[in-house]
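Observations on the three-dimensional arrangement
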There are 2 protein chains.
Amino acid sequence: MSDFQKKINLIREEVNRELASLPIPQKPGYLYDPIRYVLKGKGKRFRPLLVHLMGRALDANSRGLMNLALAVELLHTFTLVHDDIMDKDDTRHGQETLHQKWDESTAILAGDAIFILAQLKVTLVETHVTEVMNYFNQVTLEICEGQAWDKEFENDLSISESNYLDMIDCKTGALLGACAALPAIMEGLSNETVQNLDQFGRLLGKGFQVQDDLLELISNPQQMGKSLGSDLAEGKQTYPIILARTNHEQEWNKCISQFMSKQNEDSMDIVKTFLEKTGIAEETITRYESFFEEAGKVLHFLPEEKRKDLDAFIQLIKNRTY
Amino acid sequence: MSDFQKKINLIREEVNRELASLPIPQKPGYLYDPIRYVLKGKGKRFRPLLVHLMGRALDANSRGLMNLALAVELLHTFTLVHDDIMDKDDTRHGQETLHQKWDESTAILAGDAIFILAQLKVTLVETHVTEVMNYFNQVTLEICEGQAWDKEFENDLSISESNYLDMIDCKTGALLGACAALPAIMEGLSNETVQNLDQFGRLLGKGFQVQDDLLELISNPQQMGKSLGSDLAEGKQTYPIILARTNHEQEWNKCISQFMSKQNEDSMDIVKTFLEKTGIAEETITRYESFFEEAGKVLHFLPEEKRKDLDAFIQLIKNRTY
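Residues numbered from 1 in each chain as written. Chains lettered and ligands numbered in written order. Predicted model: local features only at pLDDT ≥ 70, side-chain atom pairs only at ≥ 80, totals over all residues.

**Considerations on the overall build of chain A**
Summing up its helical and strand segments, chain A has 16 helices and two strands in all. Taking the principal axes of its C-alpha atoms as reference, chain A extends roughly 55 × 50 × 40 Å. Burial analysis of chain A (322 residues in total) assigns 51% to the buried set. (Helix = DSSP H or I, 4+ residues; strand = E, 2+ residues; numbered from the N terminus. Buried ≥ 20, exposed ≤ 12 C-beta atoms within 10 Å, placed from the backbone.)

See the structure below:
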């Protein structure tokens, strides 16, 4: 195991330990049982990892970093809980989603409370707290805008690649931007540095999302820990789907009809084969790799020694298979 | 019109003007159309009024007060939007609820964003911002706990008056406590003052809620601006319902069956007549009036001149008919 991998594992364990030791009361069970359940989910913790790695590169205060790391993970969890209701997803991180295991009302309320826990973590930051809070909430609003665009785009066959990239910049990019920029804001670094780091995170986030869109269609559902194909079923306009629709309209319509008539693992194989045969899978990979490359370049303003772990983090994301 | 009434009208207009001039973008319409719609609703603005009146009594910074006032109103609106989904209410402030006019997904996301707008207002407070933020979020968590208890209590016939009062202390009391205490926190007043004001607001809130429970059963639905009887239909354990169930079990069961078999305005009349004939309406009025009286007494630590408007505010609430 590389030193980087060991470091990542240590940070992840520490984040998981902190999440497990959040003071979640026993009662009312209606509120807190689902919260305990979802926080035990097997999230990959990419966002808190990025906060810690960036914070270390900037020599940021370590207690402050952990508060930011927990805040972004809780924020992310809140958005997943509510998005899963809206997108009717029934599996997440290898377990039933909250609204599936309980019901929608329970999931709405649990999501709200998780977001409040995130806010409470942010208020523990001791330096530049107003700037941190403001940025944190602006980004959360942007994530809501991203989700709104995503919902508006459903079943809209006029959505272009550029519409899609703007949408994921809000929905996924903004939060990774925040993971990179918040440590700098907390430390009171220059506006230029904050902007660069935000930009780095957004590029990383866009790469991550395009990759996620492909994995959602072609990876192994057991590994992925969520039901695959729900993007297709919900009429989502994702990167590979837009490519297929735009460049292979007739064959794609046939493929979709076959999928919709069955919606099982076999029909996912039809989609997977289609994406590989037409070169769309390959083209999607090229696209997200270019985002990762651009992200790496933005970091060049940091001394080489400081960006080593961040480069390794980009590779970690790029090489994931789920 | 009394000077107090003129003052209240002025503050309410100012709050409405500020709410109307929040920078709500046009797009994405999926997110912002419902937010614009709900902010135009005819809320009575009791919470921001309380912030302003208390803040003036404490000579608090006026720009800070308006930010707090907008924050509590936005927070309140967020909880109503989500609670209305959970409680399946279809009318609020005389207009369709969001999930009724659009759908549940839209209402979930709009509620989330309104809560973020509340947070952004709080970050504009310029003094004791960490304490303000922390208190604001702790209170919001308590409101979620209250809603959770309320959901747990549905159709639970073992719920006592004391369980109910604890529940509404969280669900309604905590926010009115915050309206009274936040101006003091922002001004850095003593812990004892903050606790007293919180206590005042909670008593006012409990009176308000018990009164609301009765109005929900016996007032005029056009005036009330929401569908009446939904507490009954949802099996809510409210103050008059608990009294009826505990003290007149058999007759109440008969009354409820009649209501449930029709659920229209006539069947609400059956309930109304029952509550009046048995003296439950009167007993409920005595209960909430005692909360209002206790609330007034807590204010005695303030100089008489300073509490005049607050006493008038208590009367304003007590005398409302919807």
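Structure's up, so let's keep going.
**Brief notes about the interface of chain A and chain B**
Between chain A and chain B, the residue contacts involve 30 residues of the former and 30 residues of the latter. Listing elements by their share of the side of chain A that touches chain B, those giving two or more residues are helix 2 (29-39), helix 4 (62-86), helix 6 (104-122) and helix 7 (129-153) of chain A. Among the elements that make up the side of chain A that touches chain B, the one with the highest residue count is helix 7 of chain A (14 residues). (Contact = placed C-beta atoms within 7 Å.)

**Here we look at the packing of helix 4 of chain A against helix 8 (residues 161-186) of chain A**
Residue and element names in this part refer to chain A. Axis separation between helix 4 and helix 8 bottoms out at 10 Å; the angle between their running directions is 155 degrees. With respect to each other, helix 4 and helix 8 are oriented roughly antiparallel. Handedness of the crossing formed by helix 4 with helix 8: right-handed. Where helix 4 approaches helix 8, its residues G64, L65, L68, V72 and H76 are matched on the opposing element by L175, A178, C179, L182, P183 and M186. (Axes fitted to C-alpha atoms, helices over the stretch in contact; angles between N-to-C directions. Parallel < 35°, antiparallel > 145°, perpendicular 65-115°, else oblique. Left-handed = near helix turned anticlockwise from the far one by under 90°.)

**Describing the relation of the copies chain A and chain B**
Turning one copy of the chain about an axis and sliding it along that axis gives the other copy, so a rotation and a shift relate them. When chain A is fitted to chain B, the best match, at an RMSD of 0.0 Å, comes from turning it 180 degrees and sliding it 0.0 Å along the axis. Within this description, the copies of the chain are treated as partners about a two-fold rotation axis. With an isologous cut-off of 70% or more, the 100% of interface residues of chain A that recur at the interface of chain B puts this contact in the isologous class. (Least-squares fit on C-alpha atoms with pLDDT ≥ 70 in both.)

**Structural notes on the nonpolar core**
Taken as a class, soluble globular proteins show a tendency for nonpolar side chains to be buried jointly. Of all hydrophobic cores here, the largest spans 208 residues; its most connected members are L182 of chain A together with L182 of chain B. Sequence-distant contacts of L182 of chain A, defined by excluding residues within four places in its chain, comprise V51, L68, V132, Y135 and F136 of chain A. (Core = buried A, V, L, I, M, F, W, Y, C linked by C-beta atoms within 7 Å.)

**Regarding the confidence of the model for chain A**
Predicted confidence across chain A gives a mean pLDDT of 95, with 97% of residues reaching 70 or more. Across the whole predicted complex the pTM is 0.96, and at the interface the ipTM reaches 0.96. (pLDDT = per-residue confidence, 0-100.)

**Thoughts on the environment of A118 of chain B**
All names here are of chain B. Of note, A118 is situated in helix 6 (residues 104-122). Residue A118 is classed as buried on the basis of its 21 C-beta neighbours within 10 Å. Spatially, the C-alpha atoms of A118 and K308 are 29 Å apart, while their sequence positions differ by 190 residues. Leaving out residues up to four positions away in the same chain, A118 has contacts with A71, L74, L75 and F78.

**Looking at helix 9 (residues 191-218) of chain A**
The end-to-end C-alpha distance of helix 9 of chain A, which contains 28 residues, comes to 40 Å, matching closely the 40 Å that a straight helix rising 1.5 Å per residue would cover. The buried fraction of helix 9 of chain A amounts to 21 of the 28 residues, a majority that puts the element mostly inside the structure. (Expected span 1.5 Å × (residues − 1).)

**Looking at unusual backbone geometry**
Backbone torsion omega between K27 of chain A and P28 of chain A reads 0 degrees, so that peptide bond is classified as cis. Along the chain, P28 of chain A turns up in the loop between helix 1 (3-20) and helix 2. Here H93 of chain B, not a glycine, exhibits a phi torsion of approximately 50 degrees, which is positive. Locating H93 of chain B in the fold gives a position in the loop between strand 1 (91-92) and strand 2 (95-96).

**Quick notes on the packing of helix 3 (residues 46-57) of chain B against helix 4 (residues 62-86) of chain B**
All names here are of chain B. In contact at an axis separation of 8 Å, helix 3 and helix 4 are set at 155 degrees when each is read in the N-to-C sense. As the angle between them shows, helix 3 and helix 4 are arranged roughly antiparallel. For helix 3 against helix 4, the interelement crossing comes out right-handed. Residues R47, P48, V51, H52 and G55 of helix 3 pack against L65, L68, A69, L70, V72, E73 and H76 of helix 4.

**With respect to the environment of H128 of chain A**
Residue and element names in this part refer to chain A. Tracing the chain through its elements places H128 in the loop between helix 6 and helix 7. For H128, a count of 18 C-beta atoms within 10 Å gives the class partly exposed. Placed 51 residues apart in sequence, H128 and C179 show a C-alpha to C-alpha distance of 16 Å.

**Digging into helix 8 (residues 161-186) of chain B**
All names here are of chain B. Compared with an ideal rise of 1.5 Å per residue, which puts 26 residues at 38 Å, helix 8 spans 35 Å between its outermost C-alpha atoms and is within 8% of the ideal. Maximal helix bending in helix 8 amounts to about 50 degrees, located at G173. Here helix 8 lies mainly inside the structure; 20 of its 26 residues are buried. G188 lies just past helix 8 and shows a positive phi near 70 degrees. (Bend = angle between axes of the 7 residues up to and from the residue.)

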